[in-house]
Amino acid sequence: MHKQTSAAAAPSWGARLAPYRHPDLKRSLWQLTSTSVAFVAGWVLMYYSLALPYWVTLLLAAPTALLLVRLFIFQHDLGHGSFLKSQRVADGIGTVLGIFTLTPYLYWKRTHAIHHATSGNLEHRGFGDINTLTVSEYLALGSWGRFKYRVYRNPIVLFVIGPPLHFLVKHRLPMIVPAGWTRERRSILVNDAGLAVFVIGMMWSIGVGPFLAIYLPIALTSCAVGVWLFYVQHQYERTYWEHESVWSFNTAALEGSSYYHLPKVFQWFTGNIGIHHIHHLHASIPNYFLRRAFDELPELQKVNRLTFSRSLRCIPLALWDENGRQLVSFRAARRLAVS
């Protein structure tokens, strides 16, 4: 059985984190308004920069894409009910933001809730997570199955090819959800319609070439950053995977979710989502209170701390070794197979 850390074993995390969970309407509206204005300003600057060498436009795409990532964090909080008290208003704003983040709101809201409820549970993989096989499952596959999984876990596929395919293609298809998920299917169709109106309207307003010159670098960069953030939140060496009979919600949150320690400017752009272990303990905490909870609860400050340089070492990890209780590379899995 998995040995819990002292932080994971601490009682009543829900009660201890409850003081941080209530949204502050003024802060939420300020975050949403100021970031939206900055995002639009980024678009305007990129448009006028097209008169200059294109590398200037590409430079401006970086902060503009990061502003879109920040808007996605607000959409994320809206889905958790941690950004506004009115869920109806939250769902409406989240649906609009989803047009720009390329993420159908109600579809993502449901799959992400499943992710939170089952993260680290070996019997409930497949919704809202990076597909992860155990070493024994991988070794039991035939050559074609192993090839497909190795392609999927290849860094070029995961972080370069996969993100635009996921957001620009997969998120357009209503059949990606079970037939009974009526609201979620409708959400995908609404997202497609809103995106079509936005794209056609912008192409008509500024021209096809200028639109693509602005939109594509923003979309490709923000998609890649989003996937990378989600990857490092759960895919590191001493993460947590357990069978349902002994799976623990608190342990999954604290041992299976990282604290991604980023410079303050990137903490701002990413809405403190790097403090992911606390977010998984209590998803109702708004992004702007995660830091305060972290600062005021010392036992949560050294759990699974990843710096950027250390997070790069997580890239080769692809298989869960149930005996060693760690993620390992394909090369390490081969050594385990012959030992």
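All values reported here derive from a predicted model rather than from experimental measurement.

Enquirer: Even after reading the chapter, I still don't get the pattern of salt bridges, so can you show me in this structure?
Expert: When the charged atoms of two side chains with opposite charge come close together, those side chains can pair. With the rule as written, the count across this model stands at eight salt bridges. Between Glu242 and Arg325 there is a salt bridge whose closest N-O contact spans 3.1 Å. Here Glu242, found in the loop between helix H11 (208-234) and helix H12 (249-255), pairs with Arg325, found in the loop between strand E4 (319-321) and strand E5 (326-328); they are 83 residues apart in sequence, far enough to count as distant. One salt bridge in this structure joins Arg292 and Glu296, with 3.9 Å as the shortest N-O distance. One end of the pair, Arg292, and the other, Glu296, are both in helix H15 (residues 287-296), four residues apart, so they sit about a helical turn from each other. Classification of Arg292 by relative accessible area gives partly exposed; the value is 38%. The class of Glu296 is partly exposed, set by a relative accessible area of 44%.

Enquirer: Even after reading the chapter, I still don't get the environment of Asp24, so can you show me in this structure?
Expert: Mapped onto the fold, Asp24 is located in the loop between helix H2 (13-17) and helix H3 (25-49). You can call Asp24 partly exposed: its relative accessible area is 29%. Residues Asp24 and Phe289 lie 265 residues apart in sequence; the distance between their C-alpha atoms is 9.5 Å. Those residues in contact with Asp24, other than ones at most four positions away along the chain, are Tyr288 and Phe289. Of the polar contacts made by the side chain of Asp24, one reaches the backbone nitrogen of Lys26; its length is 3.1 Å.

Enquirer: I'm lost on unusual backbone geometry in this one. Help?
Expert: Generally, phi is negative for residues other than glycine and the peptide bonds are trans, each holding for most cases. Backbone geometry at Leu102 places phi at a positive 60°, although glycine is not the residue there. Tracing the chain through its elements places Leu102 in the loop between helix H5 (87-101) and helix H6 (105-118). Overall, the relative accessible area of 2% leaves Leu102 in the buried class. Phi at Asn272 takes a positive value of approximately 60°, unusual for a residue other than glycine. Position of Asn272 relative to the elements: it lies in the loop between helix H13 (264-269) and helix H14 (276-281). For Asn272, a relative accessible area of 14% translates into the label buried.

Enquirer: So what exactly am I meant to see when it comes to the sheet that holds strand E1 (residues 133-134) here?
Expert: Taken together, three strands build an open sheet; the order of strands is E1-E4-E5 and the sheet is mixed. Bordering the open sheet on either side are E1 and E5, each of which pairs with just one other strand. With two bridges connecting them, E1 and E4 associate as parallel partners. By the bridge assignment, Leu133 is partnered in E4 with Leu319.

Enquirer: Explain the packing of aromatic side chains here, please?
Expert: To describe a pair of aromatic rings, you give the distance between the ring centres and the angle between the ring planes. Applying the stated criterion across every chain yields a total of 22 aromatic pairs. Taking 5.7 Å as the distance between ring centres and 75° as the angle between the ring planes, the aromatic pair formed by Phe72 and Trp108 counts as edge-to-face. Taken together, the residues span a long stretch of sequence, with Phe72 in helix H4 (residues 54-80) and Trp108 in helix H6 at a distance of 36 residues. Seen in terms of ring centroids, Tyr259 and Phe294 are 4.5 Å apart; in terms of plane orientation they differ by 40°. Their pairing is tilted. Taken together, the residues span a long stretch of sequence, with Tyr259 in strand E2 (residues 259-260) and Phe294 in helix H15 at a distance of 35 residues. A network of ring pairs unites the aromatic residues Trp43, Phe100, Phe198, Phe211 and Tyr215 as a single cluster.

Enquirer: Where do I start with helix H10 (residues 182-206) in this structure?
Expert: Residues that lie three or four places apart on an α-helix share one face, since the helix turns once every 3.6 residues. With 25 residues, H10 ought to run about 36 Å at 1.5 Å a step, and its terminal C-alpha atoms sit 36 Å apart, in line with that. Taken residue by residue, H10 has Glu184, Ser187, Ile188, Asn191, Asp192, Gly194, Leu195, Phe198 and Val199 as its buried positions. Lining the buried residues of H10 we find H3, H5, H6 and H11. Remark: Gly207 follows H10 within two positions and exhibits a positive phi of approximately 105°.

Enquirer: Is there a simple way to explain the side chain of Ser329 in this structure?
Expert: As for its placement among the helices and strands, Ser329 is situated in the loop between E5 and helix H17 (330-338). Every residue in contact with Ser329, bar those within four places of it in the chain, is listed here: Pro316, Leu317 and Ala318.

Quick notes on the rules
- Residues numbered from 1 in each chain as written.
- Predicted model: local features only at pLDDT ≥ 70, side-chain atom pairs only at ≥ 80, totals over all residues.
- Heavy atoms only, no water.
- Salt bridge = Lys/Arg side-chain N within 4 Å of Asp/Glu carboxyl O.
- Helix = DSSP H or I, 4+ residues; strand = E, 2+ residues; numbered from the N terminus.
- Buried < 20%, exposed > 50% of the residue type's maximum accessible area, 1.4 Å probe, protein only.
- Contact = heavy atoms within 4.5 Å.
- Polar contact = N/O pair within 3.5 Å; in protein donor to acceptor, adjacent residues only side chain to side chain.
- Pairing = 2+ DSSP bridges.
- Phe/Tyr/Trp six-rings, centres within 6.5 Å; stacked < 30°, edge-to-face > 60°.
- Expected span 1.5 Å × (residues − 1).

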